[in-house]
Amino acid sequence: MKHNVRTFLQISALSLALSSANALAANDNKPTTATDAVANARYETQIWTTYALSPYLRANQLSVSVVAGKATLSGHVAEAVHKELAGEIAAGVNGIDKVDNNIVVDADYAATTNDGKRSYGDVIDDASITTAVKSKLLWSKHTEGMDTMVVTQNGKVVLTGSVATNEAKQQAEKLAKNTHGVRAVDNQLRVNDKAPAAEKSTIMADSWITTKVKSTLLYSSNVAGADISVNTVGGVVTLAGKVDSGVEQALAIELAQNIRGVKRVSSTELTF
């Protein structure tokens, strides 16, 4: 009987020791819960989507795995700066505490092609261009109200529809060409004197004018819009800041002047 009791106590002690060891191991390597899995998937998607949108990374076959706040990156790039960019993007995601960057830099690496198919990033770029061009046409005093369609594919913008004057047609093409990401413009707009013309006397709120001028400058491919401040009082727009050249200064003034509701542009504080 005593032998059985002693054996039972030994087994109990061994079981307790094993349980304690398993508990300690579990603390060091906690199983992934459903909530953790969802969070990991969200982080992975956010990082991958940013890679897909980046013109420097979208063509590379990069893999992302996130576990317990640690992002592990793998794949190949041709330049070290692209590896660094991938790491910085992952580290910048809220919830990522550590990045294990295993991306291999290979100068001979050739990015994969899509055999003519547009990537996710290309589709987003084209949609962004279309939105920017449409917005600029809507805000312009020369093209507002036109019956215009805008389609973008691989950076090429096609304008179709009808306009009231040849000047409006030319302005539409100019606005499209001077937009970030646009590689070419196919202007198929037809001049039709029965088409609705832009309104000549439109009163817009100063805050609206300021916002649209800022946005138009930021959309421009030839103006450093982020370096130019905009203020509007009574329809008079004041541009201030520093630009690289007189050509850039003139274009900034022209873009501001073409916004609906702008009466005059003051550029004495816009220097180069």
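Let me begin by describing the structure that accompanies this report. Since this is a predicted model, take the numbers as computed values, not measurements.

Parameters and conventions
- Residues numbered from 1 in each chain as written.
- Predicted model: local features only at pLDDT ≥ 70, side-chain atom pairs only at ≥ 80, totals over all residues.
- Heavy atoms only, no water.
- Buried < 20%, exposed > 50% of the residue type's maximum accessible area, 1.4 Å probe, protein only.
- Helix = DSSP H or I, 4+ residues; strand = E, 2+ residues; numbered from the N terminus.
- Pairing = 2+ DSSP bridges.
- Phe/Tyr/Trp six-rings, centres within 6.5 Å; stacked < 30°, edge-to-face > 60°.
- Axes fitted to C-alpha atoms, helices over the stretch in contact; angles between N-to-C directions.
- Contact = heavy atoms within 4.5 Å.
- Expected span 1.5 Å × (residues − 1).
- Arc of directions from axis to C-beta.
- Parallel < 35°, antiparallel > 145°, perpendicular 65-115°, else oblique.
- Left-handed = near helix turned anticlockwise from the far one by under 90°.
- Nonpolar A, V, L, I, M, F, W, Y, C, P; charged D, E, K, R; others polar.

1. As for the pairing of strand 10 (residues 228–233)
Side chains on a regular strand alternate between the two faces of the sheet. Here strand 10 shows a buried face lined by Ile228, Val230 and Thr232 and an unburied face lined by Ser229, Asn231 and Val233. In the sheet, strand 10 pairs with strand 11 (residues 236–242) via 6 bridges, with the strands oriented antiparallel. The residue bridging Val230 from the neighbouring strand is Leu239, located in strand 11. Count of turn residues in the strand 10/strand 11 antiparallel hairpin: 2 residues, of which Gly234 carries a positive phi of about 60°.

2. Some remarks on the packing of aromatic side chains
Note on aromatic pairs: each is described by the distance of the centres and the angle between the planes. The full count for this structure, using the stated rule, is 2 aromatic pairs. A centroid spacing of 6.0 Å and a plane angle of 10° characterise the contact between Trp139 and Tyr219, whose relative ring orientation is stacked. A residue pair is termed long-range when its members are at least 10 positions apart, and Trp139 in helix 4 (residues 120–139) and Tyr219 in helix 6 (residues 206–219) qualify at 80 residues. On the basis of relative accessibility, which here comes to 28%, the residue Tyr219 falls in the partly exposed class.

3. Brief notes about the sheet that holds strand 10
To summarise the sheet geometry, strands pair through backbone hydrogen bonds and adopt either a parallel or an antiparallel arrangement. What the 3 strands build is an open sheet, ordered 10-11-12; its pairing is mixed. Each edge of the open sheet carries a strand with a single partner, namely strand 10 and strand 12 (264–271). In this sheet, neighbouring strand axes are inclined to one another by 15° on average, regardless of whether the strands run parallel or antiparallel. Relative to strand 12, helix 7 (residues 246–257) is tilted by about 155°, and along the sheet it contacts strand 10, strand 11 and strand 12.

4. Digging into helix 3 (residues 80–91)
Here helix 3 spans 17 Å end to end across 12 residues, near enough to the 16 Å set by a 1.5 Å rise per residue. Every buried residue of helix 3 is accounted for by His82, Ala86, Gly87, Ile89 and Ala90. The buried residues of helix 3 occupy an angular sector of 160° when the element is viewed end-on, so they sit on one face. Against the buried residues of helix 3 lie helix 2 (34–53), strand 2 (70–74), strand 3 (76–77) and strand 4 (98–101).

5. Examining the packing of helix 2 against helix 4
Contact pair helix 2 / helix 4: the axes reach a minimum separation of 7 Å and the direction vectors enclose 65°. By the criterion of interaxial angle, the relationship of helix 2 to helix 4 is roughly perpendicular. Between helix 2 and helix 4 the crossing geometry is right-handed. Within the contact between the two elements, helix 2 uses Thr49, Ala52 and Leu53 and helix 4 uses Tyr120, Gly121 and Ile124. Classifying every residue of the contact of helix 2 with helix 4 by side-chain character gives 4 nonpolar, 2 polar and no charged.

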